[in-house]
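If you want the building blocks of each chain, they are given just below.
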Amino acid sequence: MEEIYQTEKDYIDDLETLINVFIFPMRAMAILDDKSLYNVFSNVEVLINCNKEMLTQLENTIQTTNAGDDVTIGDVFTQLADYFKMYKVFCANQQTSLTTVELLIKKHPQFKKKLEVCHTDARCRGLFLQSFLIKPIQRVCKYPLLLRELIRYTPEDHPDWEPLQSAFSKINSVVADINEAQRQAEGQIGRAHV
């Protein structure tokens, strides 16, 4: 449970870096138009709100549990699973995003220069834009693994066992939808380049 909570905090920090170090300056300096910004960053500014809500609910659940009582977080995942459907848009746009970044680096000197400045920001921790752009896909695909591990260590008579089963099933379904949308988008891009 601590791993889920801590990795969620770290992930939100990464999204905030993506938004504050890359998106805001590029938008403020009008380096990219809205269409190019969307092609690169998709709906990441919407995703962070979903994850901040989840972190808040996890914190509330952990903090309001009395000492000695069982912490239950399955319901948090079950309630927010539908919000994770917003990741479909981001994941389906992934190939467009990475291709657009490569194209802009080659053909847009101002973008390339600004990107180099962004990469020197300490908040990037030596990571490049592409590394941050892959994080939402990695995170959403990690939820089923984290929940499966939590279920493995949760006794069947624990009050969170059933809610965790339900959350695992729901999140797995959302991730399957996301993967399918990503496969379809990659198929369409592949056909478009032929």
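These figures come from a predicted structure and were not determined experimentally.

Kindly report on the pattern of salt bridges, identifying the contributing residues and their values.
Taken as a whole and assessed by the stated rule, the structure comprises 10 salt bridges. Linking D82 and K170 is a salt bridge whose minimum nitrogen-to-oxygen distance equals 3.8 Å. In this pair, D82 is assigned in the loop between α4 (74-80) and α5 (87-92) and K170 in helix α9 (residues 161-192), connecting sequence segments 88 residues apart. According to the relative accessible area criterion, D82 is partly exposed, its value standing at 41%.

Please provide a residue-by-residue account of the packing of helix α6 (residues 94-107) against helix α7 (residues 109-119), values included.
Interhelical geometry of α6 versus α7 gives an angle of 110° and a closest axis separation of 6 Å. Our classification of the angle between α6 and α7 gives roughly perpendicular. In this structure, α6 uses V101, L104, I105 and K107 to contact α7, whose residues at the interface are P109, F111, K112 and L115. When grouped by side-chain class, the residues that make up the contact of α6 with α7 number six nonpolar, no polar and two charged.

Requested: an account of a negative patch on the surface, with residues and values cited.
A cluster of acidic residues, D69, D70, E156, D157 and E162, forms a negative patch on the protein surface. Its location among the elements puts D70 in the loop between α3 (44-64) and α4. For D70, a relative accessible area of 43% translates into the label partly exposed.

Before we move on, can you summarise the packing of α6 against helix α8 (residues 129-152) with the specific residues and values?
Two packed helices can be described by the angle between their axes and the distance between those axes. Running from N to C, α6 and α8 cross one another at 175°; their axes reach a closest spacing of 11 Å. Classified by the angle between their axes, α6 and α8 sit roughly antiparallel to one another. Across from Q94, S97, L98, V101, E102 and I105 in α6, the residues of α8 making contact are L129, Q130, L133, I134 and I137. The residue inventory of the contact of α6 with α8, partitioned by class, reads seven nonpolar, three polar and one charged.

Calculation criteria
- Position labels on residues start from 1 in each chain and follow its written sequence.
- pLDDT decides what is reported in this predicted model: residues at 70 or higher carry local features, side-chain atom pairs at 80 or more are listed and counted, and totals for whole chains, interfaces and linings draw on all residues regardless.
- Values reported for side chains reflect all heavy atoms of the structure, with hydrogen atoms and water molecules removed beforehand.
- Take a side-chain nitrogen of Lys or Arg and a carboxyl oxygen of Asp or Glu: if they are within 4 Å of each other, that pair is a salt bridge.
- A helix here means a DSSP run of H or I that spans at least four residues, while a strand means a run of E at least two residues long, and both kinds are numbered starting from the N terminus.
- Summary of the burial criterion: residues with accessible area below 20% of their type's maximum are buried, those above 50% are exposed, and those between are partly exposed, where the area comes from a 1.4 Å probe applied to protein chains only.
- With axes taken as lines fitted to C-alpha atoms, and helix axes fitted only over the stretch in contact, angles between N-to-C directions fall between 0 and 180 degrees.
- Throughout, the term roughly parallel applies to angles under 35 degrees, roughly antiparallel to angles over 145, roughly perpendicular to angles from 65 to 115, and oblique to all others.
- Whether two residues are in contact is decided by their heavy atoms: any pair within 4.5 Å suffices.
- When residues are grouped by polarity, Ala, Val, Leu, Ile, Met, Phe, Trp, Tyr, Cys and Pro land in nonpolar, Asp, Glu, Lys and Arg in charged, and all others, Gly among them, in polar.
- The patches described consist of residues with a relative accessible area above 30% and no salt bridge, like charges being joined within 9 Å and nonpolar side chains (Val, Leu, Ile, Met, Phe, Trp, Tyr) within 5 Å.
- Every accessible area reported is derived by Shrake-Rupley at a probe size of 1.4 Å, with residue values counting cover from the shown protein chains alone.
- When charges are counted, neither His nor the chain ends are considered; positive counts come from Lys and Arg and negative counts from Asp and Glu.
- To locate a charge, the coordinates of NZ of Lys, CZ of Arg, CG of Asp or CD of Glu are taken.

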